[in-house]
Amino acid sequence: MSVLVDEHTRLAVAGITGREGSFHTLNNRRYGTNVVGGVTPGKGGQDVEGIPVFDSWEQAVAECQPNTAMIFVPPRFAADSILEAAAAGVELVIAITEGIPAHDELRVYNLLKRDHPGGRSIRLIGPNCPGILSPGKANVGIIPASFFTQGNVGVVSRSGTLTYQIGNEIARAGFGCSTIVGIGGDPVPGSSFVDVLELFQADEQTELVVLSGEIGGSAEEEAAEYIAERMSKPVVAYIAGFTAPAGKQMGHAGAIVSGSAGTAAAKAQALEARGVRVGRTPTETAEIAVEVLGRASLPAA
Amino acid sequence: MDLLEYQGKQLFARHGLRVSPGRAVTTVEDAVAAAEEVGFPVVIKAQVLIGGRGKAGGVKLAADADEAREHARNILGMDIRGHIVRKLWVEHASDIAAEYYAAVLLDRSAKKPLVMFSVEGGVDIEEVAERTPEKLIRRHVREQAVEIATAGAADADVVEGVADALLALYEVWLEEDATLAEINPLIVTPEREVKALDAKVSLDGNALYRHPDSDTLSDSENEDPIERRAKEQGLQYVKLDGDIGILGNGAGLVMSTLDVVAGAGGRPANFLDAGGGSDAEKVKQAVELILENDAIKAVLFNIFGGITRCDEVARGLIAAFADIGESGRSIPFVVRLDGTNDLEGRRLLADAHLPNVYTAKTMNEAAEKVVALAAGVGAAA
């Protein structure tokens, strides 16, 4: 098993006719992901290398039954595209788009929660995220799949490149991943660390989880609480931004220390207080993960 | 300007209010097609700007296509108190367990927005107001703000003033796409006037396209000139107070690089995210930006190529070196290239024989090298 995307994924892509959208969609298809359609208003009837394009999510769902949506449209249209995909019945929406206004993200988050209570029938990952990769099964988004092999480690991260960095070090030590989930760097992500940890805890293939957090917000503190109370699987964490000055946005819209809230030190402390080991560098994090995996003498898949 | 029912519903839906799926049509055949599309039973409603449509026979339930056709034929062209029906709204009929009433309106006598609610909906609300006024709850939006001010124990004589301030703040937050609207202190003058003595407002940079006027508000005169130029070039740059220039790809990796350099005893001079998929030209611009800071003693390039290709980064660095002057060339660079096309990138760098450029295989090794170089200790290439 793995979480969220796998060989049963039927992917449709909003913004498939754009430069980035088509490039990454075809990349995902080459990896083996089942891409069934695309959505670009006004371009219905066209195709992208054989992938049919529809004018709306409603039509795409009626014609080719996607169960996963990837959003690649520009920020000002992204909120509506997410809601439209959800309303049309797509269960998992993965929003890659960076730069969606925070008020739009608030609206989308609360509408999805209201219209799909329990959060199980519809799930939003992102926005401003690299997507989800289940090695050997499916890749939805922009994660470079060649660094990862199939295995027992679940990875959940607010940052793309940092995920590749840590994941690659674990891979070089001979361990693979069940699924790599990028939850994104925005202030109002559709899914939190806790949401994804819950999935990894329930996933048979996953035996250890690497959590990569950063400054801003309180998602890491909430994860610490969840891990202590609900998880039996080991979690190893990394937090970026110890040297970030307060009040400065560090690249990601959500990566900002506001006053004394959201510091890396507080997050690492919250995790360690709950028994989660926190690596001081990406390398140390990978080393701890490998050490824990080795001790459990888990075979690399 | 009054809207037809279906136009109002579209507006509601846009703001997240639940409505039934439906279609606006102008012909009998389209009405039948719409009914089939939204699913029976359907309700067919005359779209006219006058009340009492139901009593006039302008609203009908249809269980199948034949009924839909018959009702559509009867209602289209109907004269409802002087309004000719030219448009129908066909929506899936809802099961109803209770009918309430809700409204927000301009209360002209109080000169305030008024929210009204009643459990006695679905009938003429004026009758409810007259017969059972206790069942029509009326509150000015402002009363909530008054409640907050009262709960916070503001002096009784300034509760109204505080409520006004709270409402204004909320309006700023909502209408300006703010992520923060803060007043501290909000003062009470000896004349018992409530006034903002300070203002702290953060607007959402991602929403500036909705507020073209706000774009000019950025304090560009006091902004760091390098940060300003980076913004113009679409690069994410934050100036810090150290002496080691940092460039990486991806916000998380750059933040992490700053930490690792600090952990190795160095002081980062900046945060600079070249972003995903950056090409040689962007890398060249980034190098120029970093070197604009006079405090720089050494520079670290930390690239883990995903979408970004290491050979492109190497080309950018080589191109930048062709342009930078003698002073730039005296500054040592440590380059760590890993990931997509890393071998090609490293080979390009080696072949270019750039003066003062050192390579490192890992992030930690790169950090240690750059810290030593910034401290004036030579490092082996």
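Caption draft 1: Local environment of the overall build of chain B. Helix and strand counts for chain B stand at 13 helices and 19 strands. Against the compact-globule benchmark of 21 Å for 381 residues, chain B has a radius of gyration of 33 Å, which places it well outside the compact range. By principal-axis analysis of the C-alpha atoms, chain B measures approximately 90 × 70 × 35 Å. Per-residue burial over chain B gives 33% buried out of 381 residues. For chain B, the proportion of contacts with a sequence separation of at least 24, taken over those separated by at least 6, is 63%.

Caption draft 2: Here's a closer look at the overall build of chain A. The helix and strand tally for chain A stands at 9 helices and 14 strands. For a compact globule of 301 residues, the expected C-alpha radius of gyration is about 19 Å, and chain A comes in at 18 Å, within 12% of that figure. Seen through its C-alpha atoms, chain A measures out along the principal axes to roughly 55 × 45 × 35 Å. Counting across all 301 residues of chain A, residues that qualify as buried make up 59%. Long-range pairs, those at least 24 residues apart, make up 73% of the contacts in chain A between residues at least 6 apart in sequence.

Caption draft 3: Molecular detail of the domain arrangement of chain B. Under the domain assignment used here, chain B contains domain 1 (5–92), domain 2 (101–143), domain 3 (154–210) and domain 4 (225–374). In this structure, domain 1 of chain B and domain 3 of chain B have C-alpha centres spaced 45 Å apart.

Caption draft 4: View of the domain arrangement of chain A. Residues and elements named next belong to chain A. Entries for chain A in the domain assignment read domain 1 (11–125) and domain 2 (148–295). Every contact between the two is made by 10 residues of domain 1 and, on the other side, 7 residues of domain 2. When residues of the side of domain 1 that touches domain 2 are traced back to their parent elements, those giving at least two are helix H4 (102–115) and strand E7 (123–125). Considering each element in turn, the side of domain 1 that touches domain 2 owes the most residues, 5 residues, to H4. In the side of domain 1 that touches domain 2, the residues fall into 8 nonpolar, no polar and 2 charged.

Caption draft 5: Examining the sheet that holds strand E9 (residues 136–140) of chain B more closely. Residue and element names in this part refer to chain B. Spatially, 3 strands are ordered E7-E8-E9 in an open sheet, and the strand pairing comes out antiparallel. In the strand order of this sheet, the two ends are held by strand E7 (101–107) and E9, each with one partner. Across the sheet, the axes of successive neighbouring strands diverge by a mean angle of 20 degrees, strand direction being ignored. Two elements, E7 and strand E8 (residues 112–118), share 7 bridges in a ladder whose sense is antiparallel. Note that in E8 the partner of leucine 106 across the bridge is proline 113.

Caption draft 6: Layout of the environment of Ala230(B). Residues and elements named next belong to chain B. The residue alanine 230 is located in helix H7 (residues 225–232) in this model. The buried category is assigned to alanine 230, around which 23 C-beta atoms lie within 10 Å. Distance in space between the C-alpha atoms of alanine 230 and isoleucine 246 is 14 Å, their sequence separation being 16 residues. Setting aside residues up to four positions removed in sequence, alanine 230 forms contacts with Leu235, Tyr237 and Leu289.

Caption draft 7: How the structure looks around the sheet that holds strand E10 (residues 150–157) of chain A. Residue and element names in this part refer to chain A. Pairing is mixed across the open sheet formed by 7 strands, whose spatial order is E9-E8-E11-E10-E12-E13-E14. On the outer flanks of this sheet lie strand E9 (138–141) and strand E14 (277–279), each paired with one strand and no other. Strand-to-strand, the axes of this sheet are offset by a mean angle of 20 degrees, without reference to chain direction. Sheet topology places strand E8 (residues 131–134) next to E9; 4 bridges connect them, and they run antiparallel.

Caption draft 8: Summary view of unusual backbone geometry. Residues Phe40(B) and Pro41(B) are joined by a peptide bond in cis, for which omega reads -5 degrees. On the secondary structure map, Pro41(B) appears in the loop between helix H2 (28–38) and strand E2 (42–46). For the bond running from Asn184(B) to Pro185(B), omega is 10 degrees, close enough to zero to count as cis. In this fold, Pro185(B) is placed in the loop between strand E10 (178–182) and strand E11 (186–188). Positive phi values are uncommon outside glycine, yet Glu49(A) reaches one of about 45 degrees. Along the chain, Glu49(A) falls in the loop between strand E3 (47–48) and strand E4 (51–54). Unusually for a residue other than glycine, Asn128(A) sits at a positive phi of about 55 degrees.

Caption draft 9: Focus on the interface of chain B and chain A. With 34 residues of chain B at the contact, the number on the chain A side is 36 residues. Breaking the side of chain B that touches chain A down by element, the ones donating at least two residues are strand E14 (236–239), helix H8 (251–263), strand E16 (270–273) and helix H13 (363–374) of chain B. The residue makeup of the side of chain B that touches chain A, split by class, is 16 nonpolar, 14 polar and 4 charged.

Caption draft 10: Representation of the environment of Leu106(A). Assignment of secondary structure puts Leu106(A) in helix H4. Leu106(A) sits 19 residues away from Ala87(A) along the chain, and the two C-alpha atoms are 17 Å apart.

Caption draft 11: Fine view of helix H12 (residues 342–352) of chain B. All names here are of chain B. The complete set of buried residues in H12 reads Asp342, Gly345 and Leu349. The buried residues of H12 occupy an angular sector of 65 degrees when the element is viewed end-on, so they sit on one face. In this structure, H12 carries Leu343 and Asp351 as exposed residues pointing more than 90 degrees from its buried face. Positive phi appears at histidine 353, one or two residues downstream of H12, with a value of about 45 degrees.

Caption draft 12: A look at H2(B). All names here are of chain B. Turning to H2, its buried residues are Ala31, Val32, Ala34 and Ala35. Summarising the axial view, the buried residues of H2 lie within an arc of 165 degrees, below the 170-degree limit, and thus occupy one face. Buried residues belonging to H2 abut strand E1 (22–25), E2, strand E3 (59–62), helix H3 (65–75) and strand E6 (88–92). The first or second residue beyond H2 is glycine 39, which carries a positive phi of 95 degrees.

Caption draft 13: Spotlight on the pairing of strand E13 (residues 235–240) of chain A. Residues and elements named next belong to chain A. For E13, a buried count of 6 out of 6 residues is recorded, marking the element as mostly surrounded by other parts of the structure. Sheet topology places strand E12 (residues 208–214) next to E13; 6 bridges connect them, and they run parallel. Pairing of leucine 211 across the sheet is with alanine 237, part of E13. In this fold, E12 hands off to helix H7 (residues 219–230), which returns the chain to E13; that crossover is right-handed. Sheet topology places E13 next to E14; 3 bridges connect them, and they run parallel. In the strand pairing of E14, valine 236 is matched with arginine 277.

Caption draft 14: Quick look at the packing of helix H3 (residues 75–87) of chain A against H4(A). Residues and elements named next belong to chain A. Relative to each other, H3 and H4 sit at 10 degrees, their axes nearing to 10 Å. As judged from the angle between their axes, H3 and H4 are roughly parallel. Side by side, H3 and H4 meet where Ala79, Ile82, Leu83 and Ala86 of the first sit next to Asp104, Arg107, Val108, Leu111 and Leu112 of the second. When the residues that make up the contact of H3 with H4 are grouped by side-chain class, the tally is 7 nonpolar, no polar and 2 charged.

Conventions used here
Residues numbered from 1 in each chain as written. Chains lettered and ligands numbered in written order. Predicted model: local features only at pLDDT ≥ 70, side-chain atom pairs only at ≥ 80, totals over all residues. Helix = DSSP H or I, 4+ residues; strand = E, 2+ residues; numbered from the N terminus. Rg over C-alpha atoms; globule rule 2.2 N^0.38 Å. Buried ≥ 20, exposed ≤ 12 C-beta atoms within 10 Å, placed from the backbone. Contact = placed C-beta atoms within 7 Å. Domains from an automatic or database assignment. Nonpolar A, V, L, I, M, F, W, Y, C, P; charged D, E, K, R; others polar. Pairing = 2+ DSSP bridges. Axes fitted to C-alpha atoms, helices over the stretch in contact; angles between N-to-C directions. Arc of directions from axis to C-beta. Right-handed = clockwise from strand over helix to strand, strands pointing away. Parallel < 35°, antiparallel > 145°, perpendicular 65-115°, else oblique.

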